[in-house]
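What follows is each chain in one-letter form.
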Protein chains: 2
Amino acid sequence: KTPLNLITPTPTIFTEMDTLQHEGGELEWKESARWVKFEEKVEEGGERWSKPHVSTLTLHSLFELRTCLQTGSILLDLEGYSLPQIVDDIVDRQIADGLIPADLKEKISFVLLRKHRHQTKKPIHRSLADIGKKPVSCCVLFVDPAQSRSMNDISDTPSSDQLKNKFMKKIPRDAEASNVLIGEVDFLDKPFVSFVRLAQATTLGGLTEVPVPTRFLFILLGPHGKTKSYNEIGRAIATLMVDDLFSDVAYKARDREDLIAGVDEFLDEVIVLPPGEWDPKIRIEPPKKVPSSVLNLNELGQMNGSAGGAGGGEDEEMPVPHELGEELKFTGRIGGGLWLDIKRKLPWYCSDIYDGFHIQSISAVLFIYLGCITNAITFGGLLGDATDNYQGVMESFLGTALAGTVFCLFGGQPLIILSSTGPILIFEKLLYEFSKNNDIDYMELRLWIGLHSCLQCFLLVVSDASYIIKYMTRFTEEGFSSLISFIFISDAIKKMVGAFKYYPINRGFKPDYITAYKCECIAPDQGESSVLCMFNLTDLDWSQLSKKECVKYGGTLVGNSCKYVPDLALMSFILFFGTYSMTVSLKKFKFSRYFPTKLRKLISDFSIFMSIMAFVGLDMLMGLDTPKLIVPTEFKPTRANRGWIVMPFGKNPWWWYLASFVPALLVTILIFMDQQISAVIVNRKENKLKKGCGYHLDLFWVGVLMAVCSFMGLPWYVAATVISIAHIDSLKMESESSAPGEQPQFLGVREQRLTGILVFVLTGLSIFLAPILQFIPMPVLYGVFLYMGVASLSGIQFWERIKLYLMPAKHQPDFSFLRHVPLRRVHLFTLVQIICLAVLWILKSTFLAIIFPVMILGLMVVRKLLDVMFSQHDLAWLDDILPDKDKKKKEDDKKKMKEKKTPEPESDEEVRGNETPGLETVFLVVVYLIVCQSICCVAPDTNTVCFSSLSHSVAEKALYNTYYSLCPPALQSLSC
Amino acid sequence: KTPLNLITPTPTIFTEMDTLQHEGGELEWKESARWVKFEEKVEEGGERWSKPHVSTLTLHSLFELRTCLQTGSILLDLEGYSLPQIVDDIVDRQIADGLIPADLKEKISFVLLRKHRHQTKKPIHRSLADIGKKPVSCCVLFVDPAQSRSMNDISDTPSSDQLKNKFMKKIPRDAEASNVLIGEVDFLDKPFVSFVRLAQATTLGGLTEVPVPTRFLFILLGPHGKTKSYNEIGRAIATLMVDDLFSDVAYKARDREDLIAGVDEFLDEVIVLPPGEWDPKIRIEPPKKVPSSVLNLNELGQMNGSAGGAGGGEDEEMPVPHELGEELKFTGRIGGGLWLDIKRKLPWYCSDIYDGFHIQSISAVLFIYLGCITNAITFGGLLGDATDNYQGVMESFLGTALAGTVFCLFGGQPLIILSSTGPILIFEKLLYEFSKNNDIDYMELRLWIGLHSCLQCFLLVVSDASYIIKYMTRFTEEGFSSLISFIFISDAIKKMVGAFKYYPINRGFKPDYITAYKCECIAPDQGESSVLCMFNLTDLDWSQLSKKECVKYGGTLVGNSCKYVPDLALMSFILFFGTYSMTVSLKKFKFSRYFPTKLRKLISDFSIFMSIMAFVGLDMLMGLDTPKLIVPTEFKPTRANRGWIVMPFGKNPWWWYLASFVPALLVTILIFMDQQISAVIVNRKENKLKKGCGYHLDLFWVGVLMAVCSFMGLPWYVAATVISIAHIDSLKMESESSAPGEQPQFLGVREQRLTGILVFVLTGLSIFLAPILQFIPMPVLYGVFLYMGVASLSGIQFWERIKLYLMPAKHQPDFSFLRHVPLRRVHLFTLVQIICLAVLWILKSTFLAIIFPVMILGLMVVRKLLDVMFSQHDLAWLDDILPDKDKKKKEDDKKKMKEKKTPEPESDEEVRGNETPGLETVFLVVVYLIVCQSICCVAPDTNTVCFSSLSHSVAEKALYNTYYSLCPPALQSLSC
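Cut-offs and rules
- Residues numbered from 1 in each chain as written.
- Chains lettered and ligands numbered in written order.
- Predicted model: local features only at pLDDT ≥ 70, side-chain atom pairs only at ≥ 80, totals over all residues.
- Heavy atoms only, no water.
- UniProt positions renumbered as here; feature names shortened; annotations may be inferred.
- Helix = DSSP H or I, 4+ residues; strand = E, 2+ residues; numbered from the N terminus.
- Buried < 20%, exposed > 50% of the residue type's maximum accessible area, 1.4 Å probe, protein only.
- Contact = heavy atoms within 4.5 Å.
- Areas by Shrake-Rupley, 256 points an atom, 1.4 Å probe, with all protein chains shown as cover.
- Domains from an automatic or database assignment.
- Salt bridge = Lys/Arg side-chain N within 4 Å of Asp/Glu carboxyl O.
- Polar contact = N/O pair within 3.5 Å; in protein donor to acceptor, adjacent residues only side chain to side chain.
- Nonpolar A, V, L, I, M, F, W, Y, C, P; charged D, E, K, R; others polar.
- Expected span 1.5 Å × (residues − 1).
- Pairing = 2+ DSSP bridges.
- Core = buried A, V, L, I, M, F, W, Y, C linked by side-chain atoms within 4.5 Å.
- pLDDT = per-residue confidence, 0-100.
- Disulfide = S-S within 2.5 Å.
- Axes fitted to C-alpha atoms, helices over the stretch in contact; angles between N-to-C directions.
- Parallel < 35°, antiparallel > 145°, perpendicular 65-115°, else oblique.
- Phe/Tyr/Trp six-rings, centres within 6.5 Å; stacked < 30°, edge-to-face > 60°.
- Lys NZ or Arg CZ within 6 Å of the ring centre and 35° of its normal.
- Patch = residues over 30% accessible without salt bridge, like charges linked within 9 Å, V, L, I, M, F, W, Y side chains within 5 Å.
- Lys, Arg positive; Asp, Glu negative; His and termini not counted.
- Charge placed at Lys NZ, Arg CZ, Asp CG, Glu CD.
- Left-handed = near helix turned anticlockwise from the far one by under 90°.

As annotated in an unreviewed UniProt entry, chain A carries the name Anion exchange protein and is attributed to Echeneis naucrates. Under the heading Sequence similarities (unreviewed entry), UniProt records this for chain A: "Belongs to the anion exchanger (TC 2.A.31) family."

Below, the structure written as structure tokens:
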């Protein structure tokens, strides 16, 4: 907002147009419209400002204005310090030029020095006073506090009304005013026109509604009868004054001709609407994007297309290929990437903390915190089941808190949220089963796998291996994140459906036959049960036992209501669906018309929190025994016979320490893919991150945490896509609109470490928050999960393209890619993506879920194959262009070309040239096959091992055995 | 759509712009844009039509076009029968004028006779064929079926491609084409321009994409290098050609100067957007309303306001006062109004039947039918309770069917739906209690009241008393209908809350302690129960009895689950809320982008039916015992000891036959107000009804039905506001948009008698539909009720104004009244309305509900008082002006003034003149007081009777007694 930020040297101009009015027998100037960038007009009877709108002018008025400037007097660089003096000078010049007779001087000066009445905003005092009075008459009778008459037009200091005007903050600080005065008088027989530029911008008392110094004055007085025409001329000059081009001319004009030339230049650029297709009375809303003097070529590429026929595509820019470039350069030095990451992130470290102090952070913390603990509890419970409580909810909480805090403190991209993920869970499950079956100590084996994996991560870090994700284009990214979103959505729904299974509804229930429903605990036969029991069961009052106790003591539940639970399933559904829909509605509230913008934004930011509160409240009100969030309250390992530290030696044979290298390889690949693809999604260009990313640094810390968590027997953590997207979404910043009517722009994300740290510290402290947290019903949290999944789908181009299938062509939104790529090719591209996702979904539903992130490599291969199916032109619009060996050179050329604005040559040969699968494709395919083979291509039963370099001890064979069971039949036959 | 409907004699023009392209080494003309009213352009790579948009031109191109017309050759009224001949003539003229050398003739003719390739819509055949091929290259290799090359440019008959083009139906039948051909060639060194008007519109082979005869040709060929500029000139002439003003000029021009003058005229009218405030690349959506050559003054009044400053309000039209006028004239003759009604409605009678044959009618019938039977059942049940089943559900069904069918067959406004209403219900309740207490035969008394009331209705009809509703302005109307809507909403919600009371939820239920919940029937002590019973209770197996049986036989229900009913309350809520929200969402579906317009409209029309089906399905799936819709299945009176005919004499003393005149008066007022206000709402100007209304005729039939229903012992019926509004809403028609981009306009309502008749016939047949209807759960129907209430609120200005309270001024929508009336006065007006409604609501909640419609008179009095608080100017915008004695004369003056477009004089005196309450106010106040007094102002305990003319028999005193209990304390003390 400071003048330093402006590129153009001329100040912004604020224009106010006042018209001469007879009010109660007195003449006065009344503000009728104002311009910062767009026009705001005083409504006739509404005593209100209209909405800012684009000034629609008539060509006629512009030509009349041109005539006015040709015939009127032009005073450039007038030395002016007060309005009377300036008026004096103006009138004298007119007399000198022979435009008016000398005897009119007094009359004109009198008119020009009348008071100015401005339209200010709050007419609240009056509303009660004037009940029963006609507004027409009351203006005469009372001094109207709603409209401040500046009595001190002569004084140089701004009046208190001017200073109090809140509109001031909408005007840039360096602004200067231009005042347009339009009036009809009875003593003139031809128009009196004067255009004045002051040598110095001067505050001329109450001339302007805000204390902005005046630089320009345009005066048009004329004989009666042409008010409409005069007003239009006034609007025309006012619109010209706020136009970037003309205001520049106005500041620099040396004489009348320069001004006229400026008008002509303006006329040359205007946009004309045919009168038959547009009603001039419609106020045009300000556009979302206004052409700025510094043209952003990329944005142009997204918005162009209206010019030239089908043949005139020369000015259409191809979308600029997305560039991870700088941050993912293959340095060639050992650890070069890591070093660059640290160098890049370190200068931001302080701002990473203090940028977090904002109200929005609170909502983000609450939202993500709830997501994290729900996740921790869910995964904790599942892990507990899978590992006989070696890792349980307690470990999950502790691990989440530890890993998250460390990562947010030191990671390269602190917006990423670490969490347990599905593939890791499946791996743990298999590993535990394998250990149990082979009498191997699970925790020790796991520790060694973790250590190996950590080392492998370090290797990947120092070798700049994250370079590979340059091949991850929008196709891969969106495929992956859509899939994760679908999993979130389906999990949330599955859990909800689970409630109906867990709390079965008695469908045949007839309220009248309530007497027939009971459930009784029947004592077992003496003979059967006496074996187990230490105390006398016959003493027990069986009818007093609860369901669990009954089962525990060997009783039998008899009755037709035993297996039903009333109300809970339906209540859970109401809580689940209610939370979801309330969150969605409140999120949209930002775009409603109600309440001031700030309050609306607050409601929208806190929508999830408010929904949770509302439905927790409803749940408490109903008092039903819905399943609640239960966090552990005591700080001790879930399983009694394990401590907080896992010892590395002693329990397993020594060769296991080496052999665990192989499963570690799988874990490393899992982690690498899962982590880096989430990072790519978070670092997406659309998010406008400014502090850079740190792929290598991220991976480094994930590796470190692997080792630490393995030592402490905690679960392993990796970036969670959906929660990270939710984190980003909850921290998005928009510009406060400056000029009235300008649309707020998405500025970027509040990049900082504070929210992440707070989330994980809170997660750690949840053990103490248990008394509060226990009021939150689980269905409410599942509702939040559903929302997260659905929300992360929005804004994904893939999802938009799927929707296109259901829309007839003429109703489709005006996406830029639709203007450039034939619809059927868009559909084909989408279809390929859908098929890929369907295949992944099916694989995911099998045990192959363990290699799920590896399958992303498959997506990348498919993307490479798309180069053969689609032209580079289409792909550039639908996806990004894959990097090329000789890309660097080309890109430089391209940049040069763009500067010259010459069209990019796109010949058939070039396109064909790209078709031959490059070295990269071969590389990718080989990598993918190796990975698949290393997992699957071992056939212990036939004793054939593909890669002889691998040692095959008995134990390893057993391990392979496990892996082999995961191998898809197709690959099994393919493999060796 | 026929040419006869057009006012302007010149045909509509369809413009096609083709540009010259080198395609595969060959020259051809390719369609690049077309205009019916708005521009549609062929997207560069999308091979699709852009959305229709307003053509934004540059001023530059318009001036260049002007130059072109000045220098090029103009051939007016050329005799042309084929393209080659026309091209010959054009080139010859150019050579003759010395514009081109003669040796270019062949080259130019060659270029101009190249094939024309049009953009047709369905490129489906290609989508699979070209996988793996570059679209760029395939155009060369294959003939592209997507774009039809018209090989028969020379032939005179339209090609099959042209005939198959579906776009034809978007073009008016009388349309003529203008073809714009723009191309670059290498043999010219200065532009070749030709403007041709043919003497007769001729189909020139494949020149145009549709078989529309060509009238105009504009050809611009020029040297290479200025494609952009040429294209812009082409767009300029094309836009001019579809402009109403210029096309008129083009048809009538006698020479070049006329055309130039036409361009200048166009230039004078254009709207100019400043380049700094608008990006020319943004496509402007067609406006909702396009200025037509025949200006609608009223619409102008609603849309104006952008011109002139605060002072320039001369061109702002006041809204035209709403005119019931014609139909509600006080004829002065006996039964004159009724006669006029019949004369007005009779000619429409046939169309009233056949206009009903439309798919929309089916959805309307289903919707209203469900509303009606729900209403019949609800009111039937309540009436049954109130009258000890003298009138029950069966009577309610029969009465609804009878009264509805008769009214829809013969009524003045068949869109009105008759139904039982609240005030009548309360009246019946009081009457029954009174009869029982005084040993009077209820049915006979009711018959006489009905007969008296019928007579009184006839009196009102013949005296043209419906005239009074001229005083019912928007204020009264909207107040009443809002109130009725609120009652609907609150009733629906109350019923829902009732479900929670009727099916109490066991809140403390712990699933684990299911064993502790039971409900047993305990046999009563022998001593107590033996008194009642005829058979041996000890033989009874008490534990086998149902709840009802247990209570019936005097048993006691013991247990902690007896008073709870599981699941049903929550399930009811889900059904209720689900039906409501699904209906709302589906209704909105019309505005989504998915599916073709027709399907969307169908979904929107059938939204209620589909929601009901969906939730009936869900309910069946869950199989819970939710309360269902039960209709009577046997055709017999609900109470055994009454027949279908009530005898008028014999049971009560004779003087009752006369005395029932007094209660009949109240009933008459109830009915009159309730009926006529609903009729006013239905006949609202906004509904654009074309077949006129029939207030007198309506009242006549309501009177007849009163008598008939009284004789048959059926409930009395009167117009039901909310259901009638729903009926109207479900029959709204919109125009199919003709020119692409034109908004569909609301055309009016499908006015017919068929839907109403069907609804009531179905209601009568419901007795046979019981097996189907019994699947519908009541909560679903309450959801429909809620929707009806909420839907009837939308579109009410009062409701929009209430919402304004919550909006900051700058976010408020651009309502016309906000442009003209200060916000605080708008708020004040709304506040008065809110207070009125609150008072009415409170009164309604007491026993005063019986005089509820009478209170509308109170609203009218309040409205009259508002004349003192608000200026006529404000009221004209917020409400309507009340009719005045000397209104007629003024209105005539006003009409004349409007024709002259002179401003309406609005002086202080006139405003003040209106302030003195006129005779009407006095009249209204007197009527209101009389009504209040006649109800309340009798104090039997003090033996003072205000109106001595009233006879006071003992029985009447007793009746007064009842009335007196309804009198608000304030009025009691006020009265005498």
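Caption draft 1: Here's a closer look at the overall build of chain A. Check the secondary structure of chain A and you find 38 helices and 19 strands. Out of the 976 residues belonging to chain A, those deemed buried represent 57%. Contacts in chain A between residues far apart in sequence, at least 24 positions, make up 78% of those at least 6 positions apart. Taken as a whole, chain A presents about 40800 Å² of accessible surface, with 63% of it coming from carbon and sulfur.

Caption draft 2: Structural view of the domain arrangement of chain A. Residue and element names in this part refer to chain A. One can read the domain layout of chain A as domain 1 (13–119 + 167–269), domain 2 (358–502 + 571–795) and domain 3 (796–885). With centres defined by C-alpha atoms, the gap from domain 1 to domain 2 works out at 61 Å. In this assembly, eight residues from domain 1 lie in contact with seven residues from domain 2. Linking domain 1 with domain 2 are zero salt bridges. Our count for the domain 1 to domain 2 interface comes out at zero residue pairs in polar contact (both at pLDDT 80 or more). Its residues assigned to classes, the side of domain 1 that touches domain 2 shows four nonpolar, no polar and four charged.

Caption draft 3: Here's a closer look at helix α16 (residues 442–462) of chain A. Residues and elements named next belong to chain A. Taking 1.5 Å per residue, 21 residues should reach 30 Å; α16 reaches 30 Å between its end C-alpha atoms and fits that length. Among the 21 residues that make up α16, 15 are buried, leaving the element largely enclosed by the rest of the structure. In this structure D441 caps α16, since a side-chain oxygen of it lies 3.4 Å from the backbone nitrogen of M443. Positive phi shows up at D464, right after α16, with a value of about 55 degrees.

Caption draft 4: Inspection of the pairing of strand β2 (residues 26–35) of chain B at higher detail. Residues and elements named next belong to chain B. Of all ten residues in β2, nine are buried, a share of seventy percent or more. Two strands pair when backbone bridges link them, and strand β1 (residues 13–23) and β2 are joined in this way by nine bridges, in the antiparallel orientation. Pairing of Q21 across the sheet is with E28, part of β2. Counted along the chain from β1 to the antiparallel partner β2, the turn is two residues long, and its residue G24 has a positive phi close to 60 degrees.

Caption draft 5: Quick peek at the sheet that holds strand β11 (residues 271–273) of chain A. Sheet architecture is open: four strands sit in the order β4(A)-β11(B)-β11(A)-β4(B), paired in antiparallel fashion. Looking along the sheet, the strands with just one partner apiece sit at the ends: β4 (57–58) of chain A together with β4 (57–58) of chain B. Here β11(A) pairs with β4(B) via two bridges, running antiparallel. Bridge assignment links I271(A) to a residue of β4(B), and that residue is T58(B).

Caption draft 6: Region of the structure containing the nonpolar core. With 320 residues, the main nonpolar core has L629(A) and L629(B) as its most contacted residues. Ignoring anything within four residues of it in the chain, the contact list for L629(A) reads I373(A), I377(A), L773(A), Q774(A), I776(A), M778(A) and L781(A). Core analysis: the second largest hydrophobic core is formed by 74 residues, V242(A), I260(A), I74(B) and A236(B) among them.

Caption draft 7: Seen up close, the environment of R507(A). One can find R507(A) in the loop between α17 (474–502) and β13 (520–522). C-alpha of R507(A) to C-alpha of Y580(A): the two residues are 73 residues apart in sequence and 27 Å apart in space. Not counting the four nearest positions on each side in its chain, R507(A) is found in contact with L621(B), M622(B), G623(B) and L624(B).

Caption draft 8: Fine view of the confidence of the model for chain A. In this model, chain A carries a mean pLDDT of 77, and residues with pLDDT of at least 70 account for 78%. A low-confidence stretch, residues 320–324 of chain A stays under pLDDT 50, and its non-local contacts, those more than four residues away or across chains, total 14 contacts.

Caption draft 9: View of the pairing of strand β9 (residues 192–202) of chain B. All names here are of chain B. Most of β9 is tucked away, with nine of its eleven residues classed as buried. When strand β5 (residues 73–78) meets β9, the two strands line up parallel, connected through four bridges. Across the sheet, residue L78 finds its bridge partner in β9, namely L198. Both β9 and strand β10 (residues 214–222) contribute to a ladder of seven bridges, which runs antiparallel. Directly across from S194, in β10, lies its bridge partner I219.

Caption draft 10: Highlighting the pattern of salt bridges. Following the criterion strictly, the structure yields 66 salt bridges over all chains and no others. Two residues, D88(B) and K105(B), come together in a salt bridge whose shortest N-O distance is 3.8 Å. With a gap of 17 residues between them, D88(B) in helix α2 (residues 83–96) and K105(B) in helix α3 (residues 105–112) connect regions that are remote in the sequence. Here K803(B) ties to E800(B) by a salt bridge, and the two come within 3.9 Å at their closest N and O atoms. Of this pair, K803(B) and E800(B) are both found in helix α29 (residues 797–804), three residues apart, which corresponds to roughly one turn of the helix. The class of E800(B) is partly exposed, set by a relative accessible area of 23%. Each of the salt bridges in this network shares a partner with another, and the network as a whole consists of D352(A), D355(A), K691(A) and R753(A).

Caption draft 11: Main features of the state of the cysteines. Scanning the entire structure with this criterion turns up four disulfides over all chains. Between C521(A) and C550(A) runs a disulfide, and the two sulfur atoms are separated by 1.9 Å. As the torsion about the S-S bond is roughly 95 degrees, the C521(A)-C550(A) disulfide counts as right-handed. Of this pair, C521(A) sits in strand β13 while C550(A) sits in helix α19 (residues 547–552); the two residues are 29 residues apart in sequence, bridging distant segments of the chain. The same class applies to C521(A) and to C550(A), which are both buried. The side chain of C519(B) participates in a disulfide bridge whose partner is C562(B); the two sulfur atoms lie 1.9 Å from each other. Classification of the bridge connecting C519(B) and C562(B) rests on its S-S torsion, roughly 100 degrees, and on that basis the disulfide is right-handed. Here C519(B), found in the loop between α17 (474–502) and β13 (520–522), pairs with C562(B), found in the loop between β14 (556–558) and α20 (568–588); they are 43 residues apart in sequence, far enough to count as distant. Take C350(B): it sits in no disulfide, and the sulfur closest to it among the cysteines is that of C408(B), at 17 Å. For C350(B), a relative accessible area of 56% gives the class exposed.

Caption draft 12: Local environment of the packing of α17(A) against helix α24 (residues 661–682) of chain A. Residues and elements named next belong to chain A. Interhelical geometry of α17 versus α24 gives an angle of 105 degrees and a closest axis separation of 10 Å. For the element pair α17 / α24, the angle class is roughly perpendicular. Contacts from T476, E477, F480 and S481 in α17 reach D674, I677, S678, V680 and I681 in α24.

Caption draft 13: Up close: the packing of aromatic side chains. This structure, assessed with the given rule, holds 52 aromatic pairs over all chains. Seen in terms of ring centroids, F815(A) and F817(A) are 5.2 Å apart; in terms of plane orientation they differ by 15 degrees. Their pairing is stacked. The interplanar angle of 80 degrees and the centroid separation of 5.2 Å between the aromatic rings of F216(B) and Y251(B) together place this pair among those described as edge-to-face. Taken together, the residues F216(B) in strand β10 and Y251(B) in helix α8 (residues 244–252) connect sequence positions 35 residues apart. One aromatic cluster in this structure is built from F410(A), F458(A), F700(A) and W701(A). Positioned above the aromatic ring of W716(B) is the side chain of R446(B), whose terminal nitrogen or guanidinium carbon lies 4.5 Å from the ring centre.

Caption draft 14: Quick look at a positive patch on the surface. On the surface, K166(A), K169(A), K598(A) and K810(B) cluster together to form a positively charged patch. Within the fold, K810(B) resides in the loop between α29 and α30 (816–820). Residue class for K810(B) comes out partly exposed when judged on its relative accessible area of 49%.

Caption draft 15: Representation of helix α8 (residues 244–252) of chain A in the model. All names here are of chain A. Within α8, the full set of buried residues consists of F246, S247, V249, A250 and Y251. The elements touched by buried residues of α8 are β1 (13–23), β8 (176–184), β9 (192–202), β10 (214–222), α7 (227–242) and α9 (256–269). Its side-chain oxygen at 3.2 Å from the backbone nitrogen of L245, D243 defines the N-terminal cap of α8.

Caption draft 16: Representation of the packing of helix α2 (residues 83–96) of chain A against helix α3 (residues 105–112) of chain A within the structure. All names here are of chain A. Two elements in contact, α2 and α3, have axes separated by 10 Å at closest approach and are oriented at 145 degrees. Relative to α3, α2 is oriented so that their crossing is right-handed. In contact with L83, V87, D88, V91, D92 and I95 of α2, α3 contributes K105, I108, S109 and L112. A breakdown of the residues in the contact of α2 with α3 according to their chemical character gives six nonpolar, one polar and three charged.

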